[in-house]
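Below are the chains, spelled out letter by letter.
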Amino acid sequence: MDLIDIDRALLNDFQRDVPVVARPFAAMGRRLGIAEDDVITRLSALAERAAISRFGATCRPNTAGASTLAAVAAADCDVELMAGVINAQEGVNHSYLRENAWNIWFVATGPDRAHVDRTLSRIARQTGLRVLDLPLVEPFNIDLGFDLDGSRAAILPRRPVRVPKCPQRLDAEDRCLLQALSSGLPITRAPFAALKDCCGLSERDALARTERLIAGGTITRFGVIVRHRALGWRANAMVVWQLPPDEASTVGPHLAAVPGVTLCYQRRAVPDAWPYTLYCMIHGRSREDALQVLDTARALPGLAGVAHEVLFSLRCFKQTGALIDPTAKGAQ
């Protein structure tokens, strides 16, 4: 996708740390030297072109709700049918076709683990397939952002993973707000004012709560959420490593620091089917770029000679915000 300089700046400079103010697009415009209405017009056009998925927030996994990574092994002739069943489930917010016998990968989210369990059980029942359940153990880098000024799979300057000392206490209004922020705010002059209709929050209360949720680590990023494929990162590889859990915890921070590794975390293995504990994502403009990053990762002392698999994405079926509050207006 060809971008003019102002559009590029809107996508590159505001993927996080957008001011939490009543008129965020005016604040963005002041930094760029353009009018508020110009920012709104440009972002709306970029959304229509699928360059961005939403303007809103991402939440730290398993703080405002529950989530897990899951997979099924579908026959090639059944991929479309099985993907349709999976994507129709409430709370499935990401799903991909990947190069592996376990070929349909998805994230199931919900207000609590019981909701996620019901979703996985329903998928198993409706598809007739075994569902791998791979819950998060420890995140090492979850602040995904794409540097549009980089020539390869460059990510925005990485932030250390901030682990809250204790989970924030969330009330019903917090959960409704988080659902709205995860689903995406309207691209209008006063987006927080629109939360009165869906959450019953005044603009002032919505702003104060958002600031508190950011400060407490429940919200990990607030800003423009881009669609990386539309912007040129078409080689998306999930790399999984077979390590004992204690070694995965030790090696994880070093893997997360490799330039070009865009996400990194530890997950629980399934010994009889999926023995991998350490995961990383590599987003490249080409397969060759992604494999060069992987070569650097393989050379890490803790990963040299470790059994691993590389699962390139073949297709993105779905990419939306997480399900946090099923009762909220705009929830999946």
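These remarks concern the structure in this document.

Calculation criteria
- Residues numbered from 1 in each chain as written.
- Predicted model: local features only at pLDDT ≥ 70, side-chain atom pairs only at ≥ 80, totals over all residues.
- Heavy atoms only, no water.
- Helix = DSSP H or I, 4+ residues; strand = E, 2+ residues; numbered from the N terminus.
- Expected span 1.5 Å × (residues − 1).
- Buried < 20%, exposed > 50% of the residue type's maximum accessible area, 1.4 Å probe, protein only.
- Pairing = 2+ DSSP bridges.
- Axes fitted to C-alpha atoms, helices over the stretch in contact; angles between N-to-C directions.
- Parallel < 35°, antiparallel > 145°, perpendicular 65-115°, else oblique.
- Contact = heavy atoms within 4.5 Å.
- Nonpolar A, V, L, I, M, F, W, Y, C, P; charged D, E, K, R; others polar.
- Arc of directions from axis to C-beta.
- Phe/Tyr/Trp six-rings, centres within 6.5 Å; stacked < 30°, edge-to-face > 60°.
- Core = buried A, V, L, I, M, F, W, Y, C linked by side-chain atoms within 4.5 Å.

1. A look at the environment of R31
- One can find R31 in helix α2 (residues 24-32).
- Taking the C-alpha atoms as reference points, R31 and D13, 18 residues apart in sequence, are found 9.8 Å from one another.

2. Re helix α5 (residues 113-127)
- Compared with the 21 Å implied by 1.5 Å per residue over 15 residues, the 21 Å span of α5 between its first and last C-alpha is a close match.
- G128 lies just past α5 and shows a positive phi near 75°.

3. A word on the pairing of strand β7 (residues 219-226)
- The buried fraction of β7 is high, at seven of eight residues.
- Of the pairings in the sheet, the one linking strand β1 (residues 52-59) to β7 comprises seven bridges and is antiparallel in character. Considered in β7, the bridge of R54 is made with I225.

4. Some remarks on the packing of α2 against helix α3 (residues 36-48)
- It is the contact of α2 with α3, at a shortest axis distance of 8 Å, that shows an interaxial angle of 105°. Classed by the angle they form, the pair α2 and α3 counts as roughly perpendicular. Between α2 and α3, the residues in contact are F25, A26, M28 and G29 and E36, V39, I40 and L43, respectively.
- Considering only residue class, the contact of α2 with α3 consists of six nonpolar, one polar and one charged.

5. Some words on helix α10 (residues 287-298)
- With 12 residues, α10 extends 16 Å from end C-alpha to end C-alpha; this agrees with the ideal 16 Å at 1.5 Å per step.
- Residues of α10 that are buried include every one of D289, A290, V293, L294 and A297, and no others. Seen end-on, α10 carries its buried residues on one side only, within an arc spanning 140°.
- If you follow the buried residues of α10, they end up packed against β8 (235-241), α9 (245-256), β9 (261-267), β10 (278-284) and β11 (308-319).

6. Some details on the packing of aromatic side chains
- All chains considered together, the criterion is met by six aromatic pairs.
- Taken together, a centroid distance of 4.8 Å and an interplanar angle of 50° make the contact between F25 and F55 tilted. Highlighted residues: F25 in helix α2 and F55 in strand β1, separated in sequence by 30 residues. Both residues of the pair, F25 and F55, belong to the buried class.
- Cluster of aromatic residues (ring-pair linked, three or more members): F25, F55, F192 and F222.

7. A short note on the nonpolar core
- Counting residues in each nonpolar core, the largest one holds 38 residues, and the members touching the most others are M28, L43, F55, F192, F222 and V224.
- Elements with a minimum of two residues in this core: α1 (5-13), α2, α3, β1, α6 (172-183), α7 (195-199), α8 (203-215) and β7.
- It is α6 that provides the largest number of residues to this core, a total of five residues.
- A290, L300, V306 and F312 belong to the second largest nonpolar core, which has 24 residues in total.

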